[in-house]
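Structure assessment
What follows is each chain in one-letter form.
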Amino acid sequence: MRARKIIANLFIYLILIVMSIIWLLPIVWLILQSFSGEPGYNSIYRLVPLTFSFDNYKALFSTVGFNHLFSGNAPTGSISYSDYYAVWFFNTLVVSLVTSLVSTILVLCTSYAFSRLRFKARQPMMKFILVLGMFPGFLSMIILYQILALVGLKQSLFGLILCYVGGAGMGYFISKGFFDTISRSIDEAAMIDGASRFQIFYMIIMPLAKPIIVYTILTAFMGPWGDYILSSYILGDAMQHYTVSVGLYKMIAQQQDMALYWKQFAAGSVLVAVPISILFIIMQKFYVSGVTGGAVKG
Amino acid sequence: MKKKTKINEKELLLKEEGGHLNFANVSALANVDVQPVGKFKTFLLGLLNTLLKSLIWLGAFLLDILKAFANIFVSLYKGIVFLIKRFVSFFKKHIRHFYEVDRNGKTSYFIMGFSSIKSGQIVNGIFYMLVQVGFILFMVFFGWVNLWKLTGPGLIPFTPPGVDEETGLYTAGVEGDSSIKCLLYGLLTVILIFVFIYLYIRNLNTASHNDKIVHGPKYVDAYEDQINFIEKINENIYLISNKGDEKAKRIRFLSKRKRYKVLLENGYETLSARFINYLSLKKLVNAPHEVLDEAKFNLNKFHQIYDRYNVFNDVNKAINHLLFAYENSELVLDAIYARDELSKRNNLSSIDEKKRIKKKEAITRIVGALNVEGHIAETIFDLGLHNKKITKEAHQKKYDRLVLNSKAFNERYANKYYGQTSTFKKQTQALFNENFATTVLFLPVTFATILVIIPLAFTIFVAFTNFNGANSGLNLFKWVGFDNFITLFAGKGANEMMSRTIWTLLSWTLIWAFFATFLNYVLGMILALLINRKGIKLKKLWRTIFVVTIAVPQFVSLLAMSKILGDYGPLNEFLMTTFNLAKPIKFLSDGNIAKFTVIIVNCWVGVPYTMLITSGILMNIPEDLYESARIDGAGPFTQFIKITLPYMLFVTGPYLITQFIGNINNFNVIFFLTGSQPNKLYLYNANDTDLLITWLYKITTGSGNQYNVASTLGIFIFAISAFLSLIMYARIGSVQKEEDFQ
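Conventions adopted
- Residues numbered from 1 in each chain as written.
- Chains lettered and ligands numbered in written order.
- Predicted model: local features only at pLDDT ≥ 70, side-chain atom pairs only at ≥ 80, totals over all residues.
- Heavy atoms only, no water.
- Helix = DSSP H or I, 4+ residues; strand = E, 2+ residues; numbered from the N terminus.
- Contact = heavy atoms within 4.5 Å.
- Areas by Shrake-Rupley, 256 points an atom, 1.4 Å probe, with all protein chains shown as cover.
- Core = buried A, V, L, I, M, F, W, Y, C linked by side-chain atoms within 4.5 Å.
- Buried < 20%, exposed > 50% of the residue type's maximum accessible area, 1.4 Å probe, protein only.
- Domains from an automatic or database assignment.
- Buried area = accessible area lost by both parts, 1.4 Å probe.
- Salt bridge = Lys/Arg side-chain N within 4 Å of Asp/Glu carboxyl O.
- Polar contact = N/O pair within 3.5 Å; in protein donor to acceptor, adjacent residues only side chain to side chain.
- Axes fitted to C-alpha atoms, helices over the stretch in contact; angles between N-to-C directions.
- Parallel < 35°, antiparallel > 145°, perpendicular 65-115°, else oblique.
- Nonpolar A, V, L, I, M, F, W, Y, C, P; charged D, E, K, R; others polar.
- Patch = residues over 30% accessible without salt bridge, like charges linked within 9 Å, V, L, I, M, F, W, Y side chains within 5 Å.
- Phe/Tyr/Trp six-rings, centres within 6.5 Å; stacked < 30°, edge-to-face > 60°.
- Expected span 1.5 Å × (residues − 1).
- Arc of directions from axis to C-beta.

1. What about the overall build of chain B?
Regarding its fold elements, chain B presents 28 helices and two strands. Put simply, 67% of the contacts in chain B that link residues at least 6 apart link residues at least 24 apart. Roughly 42,400 Å² of accessible area belongs to chain B as shown, and the carbon and sulfur atoms make up 65% of that amount.

The structure is reproduced here in structure tokens:
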């Protein structure tokens, strides 16, 4: 029996190792590609490139693009994508920060209202939001572009931030679940002591909700880094306003650009992926502690 | 046939101690001849059973789809009927109000805000008046123009400056309408009209409310009568209880008291019913919260007793229970004692603010701690049942207090709320308390309306126009009714390709969603099981490895995958050199192979997610289920089918549904992998592996920019998602109620 168990376990270890290799291989390949020193995209065929260099990373840290960002004019003439990577990174950082802050406020307001307060329109609103969520998200992107153009925010970052933030309140579900676990007797005790509902909101509930606030901030922060569809449509061809995802996609979208930019694309992706991965793992911890915690157990 | 075997008891005990009770022992003990059925037979029977069950499930599911179709029409009809009824009752209510309301209110129907100003709510009144004037001005100058142009949308075409052919004169050209602008302004005007109607109705409601406040007392009479009636009954009860010696008195007390008790209880019941009526009549919902809580507290006392003891449907029993509880329940005795002490110290009959709050605290503490016992104690205390040596004055005082509470409530209510109308200051304060929901939801709702709902409504309207790249900008587009729908679904002739495309892509979307969800789920579960097994070390390491693959942003990993799997990418190089193939395997360019590739890559992306979720759930399955299964001799496979699988399906049912519907709209995987492949000739602007949603994107950004077709398609996708969600939730919802998995 023990022998059987040991053989079974070894077999399972083997399967796990093989699967881990399959899962990690593309990512490891991408990282190695970013360090390759071979010209063109010859290195694409090998797992481990023949020569290593940091040139790809160095090429991305040029500040040429910032002139175009602050002057507001689109670049003309021949464009080198790697000049603009720093600008894209900066853009995405700004957009993510603002989006995460505003999104969190909106989500907290909505989830608190639906969880603790009882008002007439509560049930109809929840059903309406559910139905709204079933529409494909970028159906309205055409119209948003037109509306933003009418208002004068054509192809701008502020317009992009507005688009991300608009539907933020509809993603209240997880936060609401968290607020539901906080016992109502705290509310009632505070009300007997004479607190108004607004005071209960910011004095009592908010400090208790720290894990879920951090989770919401992190989730909202990670959104714009990976979003291609909406950003590419709203930003059109204003290259100084691109976010990282749009820029990287445009880098290797056409076959003739591959030779020049493949390694830099890999380097750019690694620069994006590393912080996001770390944030993701941190976020998982907060999510678990938020869901299993709460003010009252059981 | 019974086999009697002589079992040595000692042997049996030894066997028990050494190992588990096995089948032979038990059967011997029971003296029954049990023949174990062959393993193969059980397996076949089990298989047949599962097969039949799944067939029945499938049949029920298909029936559900048919029912859902039928339900759509039924619910549409019901919805329209309901709306019409609401409309009619709404009109009736306001016409009735017009007759009931006083002169101020009647003027309010024509001059908004009149009654508010007359009742002292100056800010509100001025606000309503400004709204009315502003709206009339807006409609006169801009509104009707916008609405008229909405019929176009946009009616004045653009003509460039140039020489007029007929007259030979130079014209400066006409700056035409932009159809998008006209549509947008028209939509906004319609919304403004609805907002104005809402404010008008609010104005009317305020008028009638103010009327009730100012002339409040004319509504109060019924309440007063009831209080008088109760007072009389209490008097009679007291008179009876004070005649004769102790025991006789007690018996008479109980018997007569029963009759009067009935009256009293009926009286209290009617009182509470009228109380509720009174409250709803006065829309107590908007009262300051401490008043509301006091009212609720009083009501609760009555209701607790009735709710709990009415189940006997016998008032005598209720009374007996009250007395029994009083005499035998220590909690009740304690509560009464505490209440007594409290009443002596805090002078409960005062309605002074601070003392009232202290009283509330103390009572809440007692009542909250004791629940029903507390309420019983309260009622006994208030009725004076506990005090046998009660004097007439004390008794009178008690009932006075009870009545006074009710009257004081009325007065307090009137003075605080009904003597005065709620001013602007009070309303602003209420925004942070009772109406906090309005304040807190203001920002999210505004953002969502401007940035999500209006564009969505716009898009739906665009589906009925011919808005595309050619008809935008300076050119006008027009309403075309249902033409787009007909072209998309049943196009003939030149448009046949579009309808063929949509049905092909629809079937592929459903197949893709099914396989993507199914494979991800099964593989994720297997992986989680493998990692979770006892004896596997470094569980966290394995999980972290898989989590890392989803931590990387999707567009990075998918773009990398698309290059790896390209026609001349590294994987093909590797395969060609190792296996000496003549041509590369077209993972992503060949339509049929691409379908498989896409599903497999989706597994690569999605299995870690399902693994995480199923891991968490697997850890929660109680171990003793597996223990007992192992004792009964079940192998690992049987354990999986009988214990793990049902539990997992039960818990992750809703998750599976959401995943399926999400996979129908899974844009990223398909777009980044095959989005750059050329479109097929037999499909309209689409690829073999396109989902409906990627096709939508291609139509929008491709040649011609056909926004109208895209909008129609979007509505179709929404209809499918909503339809499937409803069916699935109904189905899984009914299963969730059964506790089969236990």
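2. Comments concerning the nonpolar core
Formed by 191 residues in total, the largest nonpolar core has its most connected members in Trp88(A), Met251(A), Trp512(B), Leu692(B), Trp695(B) and Leu713(B). The leading source of residues in this core is helix α19 (residues 496–532) of chain B, at 14 residues. Counting contributing residues, this core receives three or more from each of domain 1 (2–34) and domain 2 (57–294) of chain A. Beyond its immediate sequence surroundings of up to four residues, Leu713(B) is in contact with Leu488(B), Ile502(B), Leu692(B), Trp695(B), Leu696(B) and Ile699(B). In terms of nonpolar packing, the next biggest core, distinct from the first, is built from seven residues, Met112(B), Val131(B), Met139(B) and Phe196(B) among them.

3. Thoughts on the interface of chain A and chain B
Across the contact, 76 residues belong to chain A and 80 residues belong to chain B. Counting the surface lost from both chain A and chain B, the interface buries some 7,100 Å², and carbon and sulfur atoms represent 83% of this. Between the two partners, chain A and chain B, sit zero salt bridges. If you look at where chain A meets chain B, you find four residue pairs in polar contact (both at pLDDT 80 or more). In terms of residue count, the dominant contributor to the side of chain A that touches chain B is helix α1 (residues 2–34) of chain A (16 residues).

4. Examining the pattern of salt bridges
Following the criterion strictly, the structure yields four salt bridges over all chains and no others. For Arg116(A), the salt bridge is made with Asp187(A), and the minimal N-O distance between the two is 3.3 Å. Taken as a pair, Arg116(A) in helix α4 (residues 85–116) and Asp187(A) in helix α9 (residues 184–192) lie far apart in primary sequence, 71 residues in all. Its relative accessible area of 6% is what places Asp187(A) among the buried residues. Taking the shortest distance from any N to any O, the salt bridge between Arg630(B) and Glu627(B) comes out at 3.9 Å. In this pair, Arg630(B) and Glu627(B) are both assigned in helix α24 (residues 623–631), three residues apart and thus about one turn of the helix distant.

5. Description of the packing of helix α18 (residues 483–490) of chain B against α19(B)
Residues and elements named next belong to chain B. Between α18 and α19, the least distance of the axes is 5 Å, while the angle of their chain directions is 65°. By the criterion of interaxial angle, the relationship of α18 to α19 is roughly perpendicular. Residue-level inspection shows Thr487, Leu488, Phe489 and Ala490 of α18 in contact with α19, the latter providing Met498, Ser499, Ile502 and Trp503. Across the contact of α18 with α19, the residue classes break down as six nonpolar, two polar and no charged.

6. Remarks on a nonpolar patch on the surface
All names here are of chain B. A cluster of nonpolar side chains, contributed by Phe69, Ile72, Phe73, Leu76, Ile80, Ile84, Phe87, Val88, Phe90, Phe91, Ile95 and Tyr99, occupies part of the molecular surface with about 1,300 Å² of accessible area. You can see isoleucine 72 is positioned in helix α3 (residues 39–100). A residue is classified by how much of its surface remains accessible, and isoleucine 72, at 36% relative accessible area, is partly exposed.

7. Digging into the packing of aromatic side chains
All names here are of chain B. As enumerated under the stated definition, the model contains 52 aromatic pairs over all chains in all. Measuring from ring centre to ring centre gives 5.9 Å for phenylalanine 489 and tryptophan 503, while their planes differ by 45°; the resulting arrangement is tilted. Placement of the pair is phenylalanine 489 in helix α18 and tryptophan 503 in helix α19, with a sequence separation of 14 residues. Each ring, one from phenylalanine 667 and one from tyrosine 697, has its centre 5.4 Å from the other, and the planes form 80°; the classification is edge-to-face. Within this pair, whereas phenylalanine 667 is found in helix α26 (residues 667–674), its partner tyrosine 697 is found in helix α27 (residues 692–701), the two being separated by 30 residues in sequence.

8. Brief notes about the side chain of Gln132(B)
All names here are of chain B. With respect to the helices and strands, glutamine 132 occurs in helix α6 (residues 122–150). On the accessibility criterion, glutamine 132 (17% relative accessible area) is buried. Within the structure, glutamine 132 has its side chain in polar contact with the backbone nitrogen of methionine 112 (distance 3.0 Å). Residue contacts for glutamine 132: discarding those within four places in its chain leaves Phe110, Ile111, Met112 and Phe196.

9. Describing unusual backbone geometry
In this structure, Gln155(A) is a non-glycine residue whose phi angle is positive, near 55°. Tracing the chain through its elements places Gln155(A) in the loop between α6 (141–151) and α7 (157–166).

10. Brief notes about the environment of Gly154(B)
Relative to the assigned elements, Gly154(B) resides in the loop between α6 and β1 (162–163). Ignoring any residue separated from it by four or fewer positions in sequence, one finds Gly154(B) in contact with Lys149(B), Asp177(B), Cys182(B) and Leu476(B).

11. With respect to helix α10 (residues 197–208) of chain A
Since the α-helix advances by 3.6 residues per turn, residues separated by three or four positions end up pointing in the same direction. Residue and element names in this part refer to chain A. Taking 1.5 Å per residue as the helical rise, α10 with its 12 residues ought to reach 16 Å, and the 16 Å between its terminal C-alpha atoms agrees with that figure. Among the residues of α10, Ile200, Phe201, Ile205 and Met206 are the ones counted as buried. Projected down its long axis, α10 carries its buried residues within an arc of 145°, all on one side.

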